[in-house]
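Structure assessment
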Amino acid sequence: MKKKLAAIVMAGVLSASMLCACGSEAQPEKAAETVETVAETTEEAAAETEETGTKVEFEELEKETPEAADGEEVDKAMMVDDETFADLQESYEIVLDMYNEVVDLYNKDEVAADPYVEKSLTNIKKTLTTIGDKSQGSMSMQDALKLMETLDKNMGELDKLVDRMKLAE
């Protein structure tokens, strides 16, 4: 049932992202900085798991849905439209709920520690936190589409993590 729901949601996200297309320059410096930060956090969680042999406890994330803003931070012609931003908010909430369910499952004593699961959960948490801080006025249409794509990938990763989890011995 969960896989069917995830498949339906992913299809909707992909459809919405295909319908909206916009061109603007990418911001490779910002992306590289985010990748470095996520990599460092991931390495720390993996090192802690490998050193101690115990699981890192993950906390559930609060629902901090991106909020619409009237700011002038992005050129109005390039700013994300209301419908796309609403789709982004909906996708964000779905992935956030999935993340919290996977964290609940992983934190159970019956599930064995797994550095890969912990790395992935750390990366997804970082992504969700970053997206939760975004407002409509602070992103272009291209940014919104990239975030939708990222949420779609995170949804797929969460599904894989559940399949990967093993019972503790």
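Details of the structure are given in the entry above.
Right, let's walk through the structure included here.

Reading the values: rules and limits
Residues numbered from 1 in each chain as written. Predicted model: local features only at pLDDT ≥ 70, side-chain atom pairs only at ≥ 80, totals over all residues. Heavy atoms only, no water. Helix = DSSP H or I, 4+ residues; strand = E, 2+ residues; numbered from the N terminus. Buried < 20%, exposed > 50% of the residue type's maximum accessible area, 1.4 Å probe, protein only. Contact = heavy atoms within 4.5 Å. Areas by Shrake-Rupley, 256 points an atom, 1.4 Å probe, with all protein chains shown as cover. Axes fitted to C-alpha atoms, helices over the stretch in contact; angles between N-to-C directions. Parallel < 35°, antiparallel > 145°, perpendicular 65-115°, else oblique. Left-handed = near helix turned anticlockwise from the far one by under 90°. Core = buried A, V, L, I, M, F, W, Y, C linked by side-chain atoms within 4.5 Å. Salt bridge = Lys/Arg side-chain N within 4 Å of Asp/Glu carboxyl O. Polar contact = N/O pair within 3.5 Å; in protein donor to acceptor, adjacent residues only side chain to side chain.

Right, let's get into the overall build of the chain. Scanning the chain from terminus to terminus reveals five helices and zero strands. Each helix and strand of the chain, ordered N terminal to C terminal, gives the series α-α-α-α-α. Put simply, the chain has 169 residues, and 38% of those count as buried. For the chain, restricting intrachain contacts to residue pairs at least 6 apart in sequence, the fraction spanning at least 24 positions comes to 88%. Approximately 10,300 Å² of the chain is accessible, and the part contributed by carbon and sulfur atoms is 51%.

Turning to the packing of helix α4 (residues 115–132) against helix α5 (residues 141–164), a few remarks are in order. At their nearest, the axes of α4 and α5 sit 10 Å apart, and the two run at 150° to each other. Between α4 and α5, the angle is such that the two are roughly antiparallel. In this structure, α4 crosses over α5, and the sense of that crossing is left-handed. Touching Y116, V117, S120, L121, I124, T127, L128 and I131 of α4 are L147, T150, L151, N154, E157, L158, L161 and R164, all from α5.

Glancing now at the environment of M165. Inspection of the secondary structure assignment puts M165 in the segment after α5. Taking the C-alpha atoms as reference points, M165 and L105, separated by 60 residues in sequence, lie 9.0 Å from one another. Residue contacts for M165: discarding those within four places in its chain leaves V102, L105, Y106, V111 and V117.

What follows is about the nonpolar core. With 29 residues, the main nonpolar core has Y99, L121, L128 and L158 as its most contacted residues. Elements with a minimum of two residues in this core: α3 (82–106), α4 and α5. If we ignore the near neighbours within four places in the chain, the residues touching L121 are F58, Y99, V102, V103, Y106, L158 and L161.

Going through the model one piece at a time under the given rule, you end up with two salt bridges. With its nearest N and O atoms 2.8 Å apart, the salt bridge here joins D114 to R164. With a gap of 50 residues between them, D114 in the loop between α3 and α4 and R164 in helix α5 connect regions that are remote in the sequence. For D114, a relative accessible area of 13% puts it in the buried group. The partner of E149 in a salt bridge is K153, and the shortest N-O contact between them spans 3.8 Å. Residue E149 and its partner K153 are located together in helix α5, separated by four residues, close to a single helical turn. Take E149: its relative accessible area is 47%, and that puts it in the partly exposed class.

Before going further, it helps to spend a moment on the side chain of Q136. Structurally, Q136 can be placed in the loop between α4 and α5. Judged by its relative accessible area of 5%, Q136 falls in the buried class. Only 3.1 Å separates the side chain of Q136 from the backbone oxygen of V80, close enough to count as a polar contact.

With that out of the way, let us pick up the environment of I131. Locating I131 in the fold gives a position in helix α4. Among the residues examined, I131 registers a relative accessible area of 1% and is labelled buried. Along the primary structure I131 and L147 are separated by 16 residues, whereas in three dimensions their C-alpha atoms are 7.4 Å apart.

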